[in-house]
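# Analysis of the macromolecular model
One-letter residues, chain by chain:
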Amino acid sequence: MRPAPKPQRWAVRRLVGAAAVLGALSLLFSFSAYWWIRGTQDLDAQQMQTVVFLLLVFTNQASIYVLRTDGRLWSFAPGRWMALASAGDVTLVSLLATLGWLMAPVPPALVAGLLASCAVFALALDATKHLAFRRFAIV
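Calculation criteria
Residues numbered from 1 in each chain as written. Predicted model: local features only at pLDDT ≥ 70, side-chain atom pairs only at ≥ 80, totals over all residues. Heavy atoms only, no water. Helix = DSSP H or I, 4+ residues; strand = E, 2+ residues; numbered from the N terminus. Buried < 20%, exposed > 50% of the residue type's maximum accessible area, 1.4 Å probe, protein only. Contact = heavy atoms within 4.5 Å. Axes fitted to C-alpha atoms, helices over the stretch in contact; angles between N-to-C directions. Parallel < 35°, antiparallel > 145°, perpendicular 65-115°, else oblique. Left-handed = near helix turned anticlockwise from the far one by under 90°. Nonpolar A, V, L, I, M, F, W, Y, C, P; charged D, E, K, R; others polar. Polar contact = N/O pair within 3.5 Å; in protein donor to acceptor, adjacent residues only side chain to side chain. Expected span 1.5 Å × (residues − 1). Phe/Tyr/Trp six-rings, centres within 6.5 Å; stacked < 30°, edge-to-face > 60°. Core = buried A, V, L, I, M, F, W, Y, C linked by side-chain atoms within 4.5 Å. Salt bridge = Lys/Arg side-chain N within 4 Å of Asp/Glu carboxyl O.

### Thoughts on the environment of R14
Here R14 is to be found in helix 1 (residues 12–40). Since its relative accessible area comes to 37%, R14 is described here as partly exposed. Sequence separation between R14 and L55 is 41 residues; the distance between their C-alpha atoms is 28 Å. If we ignore the near neighbours within four places in the chain, the residues touching R14 are F136, A137 and I138.

Next comes the structure, spelled out in structure tokens:
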């Protein structure tokens, strides 16, 4: 994160409005992914818990990268430690889920597909952030 060049005064109503838009999109994506996987994959209840866990981790990683700057997602490279922590998090969680450690295993192709769809979600969230910030006069 970059420090602000001058002290900031937060317009809380506008921030909450933009956050509501981004939260609604995140919720829509998560529910859609859940229902699509539930309807198309032959997974039991424990495997669906693993899917929900993966959704939480992957969408939170996407949100962190999208919301850490006012600019576009790609406008500000993450620091080395942040990038390493994110890569480690995604790798560890993916291994746990595919190998069935501490949770019911799910197919590697499902994990890869979910990760790819969360990357696309990050781009959609970034575009929405740009529009929402403009609409609510945040930037």
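### Quick look at the packing of helix 2 (residues 45–67) against helix 3 (residues 80–99)
Contact geometry for helix 2 and helix 3: axes closest at 10 Å, N-to-C directions at 170°. Here helix 2 is positioned roughly antiparallel relative to helix 3, judged by the angle of their axes. Considering how the two elements wind past one another, helix 2 and helix 3 form a crossing that is left-handed. Residues T50, F53, L54, V57, F58, Q61, I64 and Y65 of helix 2 touch helix 3, and the partners they reach there are M82, A83, S86, D89, V90, V93, S94 and A97. Partitioning the contact of helix 2 with helix 3 into residue classes produces 11 nonpolar, 4 polar and 1 charged.

### Some points on the side chain of K129
Relative to the assigned elements, K129 resides in helix 4 (residues 108–135). Reaching out from K129, the side chain makes a polar contact with the backbone oxygen of V66 at a distance of 2.8 Å.

### Quick word on helix 1
Taking 1.5 Å as the rise per residue, helix 1 with 29 residues should run 42 Å; its terminal C-alpha atoms sit 41 Å apart, in good agreement. Every buried residue belonging to helix 1 is among G17, A18, L22, S26, F29, S30, A33 and I37, and all of these are buried. Buried positions along helix 1 lie against helix 2 and helix 4.

### A few points about the packing of aromatic side chains
Two aromatic rings, taken as a pair, are described by how far apart their centres are and by the angle between their planes. Using the criterion set out here, one finds 2 aromatic pairs in the structure. Seen in terms of ring centroids, Y34 and W35 are 5.2 Å apart; in terms of plane orientation they differ by 85°. Their pairing is edge-to-face.

### As for the nonpolar core
Core analysis: the largest hydrophobic core is formed by 32 residues, its most contacted members being I37, V51, L54, F58, V106 and L114. Secondary-structure elements contributing two or more residues to this core are helix 1, helix 2, helix 3 and helix 4. When sequence neighbours within four positions are dropped, the list of residues in contact with V106 reads Q47, T50, V51, L54, A97, T98 and V111.

### Examining the side chain of D126
Looking at where D126 falls in the secondary structure, it is placed in helix 4. The residues contacting D126, other than those within four sequence positions of it, are V66, G71, R72, L73 and W74.

### Here we look at the pattern of salt bridges
Tallied over the entire structure, the rule returns 2 salt bridges. The closest approach of N and O atoms between R72 and D126, which form a salt bridge, is 3.6 Å. Taken together, the residues span a long stretch of sequence, with R72 in the loop between helix 2 and helix 3 and D126 in helix 4 at a distance of 54 residues. Assessed through its relative accessible area of 1%, D126 is described here as buried. With a closest N to O distance of 3.4 Å, D126 and K129 form a salt bridge. In this pair, D126 and K129 are both assigned in helix 4, 3 residues apart and thus about one turn of the helix distant. Like D126, the residue K129 is buried in the burial classification. Here the salt bridges do not stand alone but share partners, grouping R72, D126 and K129 into one network.

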